[in-house]
Amino acid sequence: GIPEALIAALRDSGVKDLTCVSNNAGVDGFGLGQLLNTRQVKKMIASYVGENAEFERQMLSGELEVELIPQGTLATRLMAGGYGLPVIFTRAGVGTEVAEGKEVRRFTFHGLEKDYLMEYAFDADFAIVKAWKGDTAGNLVFRGATANFNHPAAMCGKITIAEVEELVEVGELDPNQI
């Protein structure tokens, strides 16, 4: 589910000061790890970062700004951005370091009063995604590993650039799978 060719193109472009939103920070030399190796990432927003020694080095040295968020919150913030919703409210992170500096509101839901953390939707300029199939009009079908975070990320980007395993003509995709 990783858009390897698009990440390599970003690396080769030399663009700098990227803010990346991803489930993970890649691994050394693969995925977003390539952009970390070339110091092209300024900020990483991710749920899991445990397999990337260069990420760890940059984070601990203060070279890289990092925001760690729960995986479900990351997915929901992506979807909210795609839906045009400015914020979401979640129980995840309430009472933890994740909540520091963020607004907490109390709501009654299903008859129970609980605190919820307000999180802003992602407002991404670009989304780079991997899809199983796509057509020449930009319709995408996600399957297998591409059905991970690619769909909500594609919804969230003002401009979405997709790497597909198979490019087909308009009308060749099953409309029930798009």
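Structure's up top.
Keep in mind it's a predicted model, so treat the numbers as computed, not measured.

1. Overview of unusual backbone geometry
For step 1, the next point in the chain: Phi at Arg 39 takes a positive value of approximately 60°, unusual for a residue other than glycine.
For step 2, the next point in the chain: You can see Arg 39 is positioned in the loop between helix H2 (33-37) and strand E2 (41-48).

2. Re the side chain of Lys 133
For step 1, the next point in the chain: Residue position: Lys 133 is located in strand E7 (residues 124-135).
For step 2, the next point in the chain: For Lys 133, which is buried and forms no salt bridge, the nearest opposite charge comes from Glu 166, at a distance of 4.0 Å.

3. Regarding the sheet that holds strand E3 (residues 65-68)
For step 1, the next point in the chain: Strand order in the open sheet made by the three strands is E1-E2-E3, with parallel pairing throughout. Here the strands that pair on one side only, and so sit at the sheet edges, are strand E1 (18-24) and E3. With strand direction ignored, the average angle separating the axes of adjacent strands in the sheet is 20°.
For step 2, the next point in the chain: Pairing of E1 with E2 involves six bridges; the strand directions are parallel. Looking at the pairing, Thr 19 lines up with Lys 43 of E2.
For step 3, the next point in the chain: Taken strand by strand, helix H4 (residues 71-83) contacts E1, E2 and E3, and its axis lies near 125° from that of E1.

4. Quick look at the pairing of strand E5 (residues 104-109)
For step 1, the next point in the chain: Here six bridges tie E5 to strand E6 (residues 112-120), and the two strands are oriented antiparallel to one another. Paired with Phe 107 across the two strands is Lys 114, which belongs to E6.
For step 2, the next point in the chain: Here E5 folds back onto E6 in antiparallel fashion, the turn holding two residues, of which His 110 has a positive phi close to 55°.

What counts, and where the lines are drawn
Residue positions are given per chain, counting from 1 as you read along its sequence in written order. Per-residue local features of the predicted model are confined to residues with pLDDT of at least 70, and side-chain atom pairs are confined, for both listing and counting, to 80 or more; whole-chain, interface and lining totals are unaffected and use all residues. With hydrogens and water set aside, each side-chain value is computed from the structure's full complement of heavy atoms. Think of it this way: any DSSP run of H or I at least four residues long counts as a helix, any run of E at least two long counts as a strand, and we number them from the N terminus. Residue burial is assigned from relative accessible area. The probe radius is 1.4 Å, only protein chains are included, and a residue is buried under 20% of its type maximum, exposed over 50%, and partly exposed in between. Positive charge is attributed to Lys and Arg, negative charge to Asp and Glu, and no charge count is given to His or to the chain ends. The salt bridge definition used is simple: a Lys or Arg side-chain nitrogen within 4 Å of an Asp or Glu carboxyl oxygen. Strand pairing is defined by DSSP finding a minimum of two bridges between the two strands. Only the stretch in contact is used when a helix axis is fitted, and all axes are lines through C-alpha atoms; the angle between N-to-C directions ranges over 0 to 180 degrees. Contact between two residues is taken to exist if any of their heavy atoms lie within 4.5 Å; hydrogens are not considered.

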